[in-house]
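# Tertiary structure, described
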Amino acid sequence: MHILQPSKIPADLVDKLERLALVDFRTKQGLDCLEKAVRFADQLHLVDTAGIEPMDSVLEDRSLYLRGDAVTDGDCAEELLQLSKNTVEEYFVAPPGNIPLPTRAERAAILKHSEF
């Protein structure tokens, strides 16, 4: 098995991933976890796909069955909203990630003083 060398992840990509995932990668443990995930994904580059045609569907030799689009239940928005811990007006509010989003100025200050 071929072992790939750790990928160096650019600071701007780490910043973007933090904002998207709401996960703190600024710690040694966080960066190690991120690099491990990237190394795992990089293994896909080792797969020889020469002569392999792209697949449109795993069932390419059959037509996929599409069911009719018929409403069988509804008018229960109030009941569903009662199941949520947090709502705003008539919308569900998703819980935040494990860290709050820093402001743009805070991110710039953090990156200015980081090892990246």
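## With respect to the overall build of the protein
Per the secondary structure count, the protein includes four helices and two strands. When the helices and strands of the protein are placed in sequence order, the string is α-α-α-β-β-α. Looking at the 116 residues of the protein, the share that counts as buried comes to 13%. Total accessible area on the protein stands at roughly 10800 Å², and carbon and sulfur atoms take up 57% of it.

## Structural notes on the pattern of salt bridges
What the rule picks out here adds up to one salt bridge. With its nearest N and O atoms 3.1 Å apart, the salt bridge here joins K28 to D32. Taken together, the residues K28 and D32, both in helix α2 (residues 28-42) and four residues apart, mark about one turn of the helix. Take K28: its relative accessible area is 63%, and that puts it in the exposed class.

## Some points on α2
Along its 15 residues, α2 runs 21 Å from first to last C-alpha, staying within 8% of the 21 Å computed at 1.5 Å per residue. Inspection of α2 places G30, L31, L34 and E35 among the buried residues, and these make up the whole buried set. The buried residues of α2 occupy an angular sector of 130° when projected down its axis, which confines them to one face. Pointing more than 90 degrees away from the buried face of α2 are the exposed residues K28, Q29, C33, K36 and F40. For α2, the secondary structure elements touched by its buried residues are α1 (11-21).

## Side note on unusual backbone geometry
With phi around 55°, D75 is a residue other than glycine that occupies positive phi space. Summarising the element assignment, D75 is placed in the loop between α2 and α3 (77-81). For E89, which is not glycine, the phi dihedral falls at a positive 55°. In this fold, E89 is placed in the loop between β1 (87-88) and β2 (91-92). You can call E89 exposed: its relative accessible area is 71%.

## What to know about the confidence of the model for the protein
Confidence in the prediction of the protein, expressed as mean pLDDT, is 78, and 81% of residues score 70 or more. Mean pLDDT across the elements of the protein ranges from a minimum in helix α4 (residues 104-112), with 76, to a maximum in α3, with 90.

## A look at the environment of Q82
Within the secondary structure, Q82 sits in the loop between α3 and β1. Judged by relative accessible area, which is 63%, Q82 ranks as exposed. Residues Q82 and F92, spaced 10 residues apart in sequence, show a C-alpha to C-alpha distance of 9.8 Å.

## Points about a nonpolar patch on the surface
On the surface, a nonpolar cluster with roughly 420 Å² of combined accessible area is contributed by M55, V58, L59 and L64. Following the sequence through the fold, M55 ends up in the loop between α2 and α3. Taking relative accessible area as the criterion, M55 reaches 53% and is therefore assigned exposed.

Rules used throughout
Residues numbered from 1 in each chain as written. Predicted model: local features only at pLDDT ≥ 70, side-chain atom pairs only at ≥ 80, totals over all residues. Heavy atoms only, no water. Helix = DSSP H or I, 4+ residues; strand = E, 2+ residues; numbered from the N terminus. Buried < 20%, exposed > 50% of the residue type's maximum accessible area, 1.4 Å probe, protein only. Areas by Shrake-Rupley, 256 points an atom, 1.4 Å probe, with all protein chains shown as cover. Salt bridge = Lys/Arg side-chain N within 4 Å of Asp/Glu carboxyl O. Expected span 1.5 Å × (residues − 1). Arc of directions from axis to C-beta. Contact = heavy atoms within 4.5 Å. pLDDT = per-residue confidence, 0-100. Patch = residues over 30% accessible without salt bridge, like charges linked within 9 Å, V, L, I, M, F, W, Y side chains within 5 Å.

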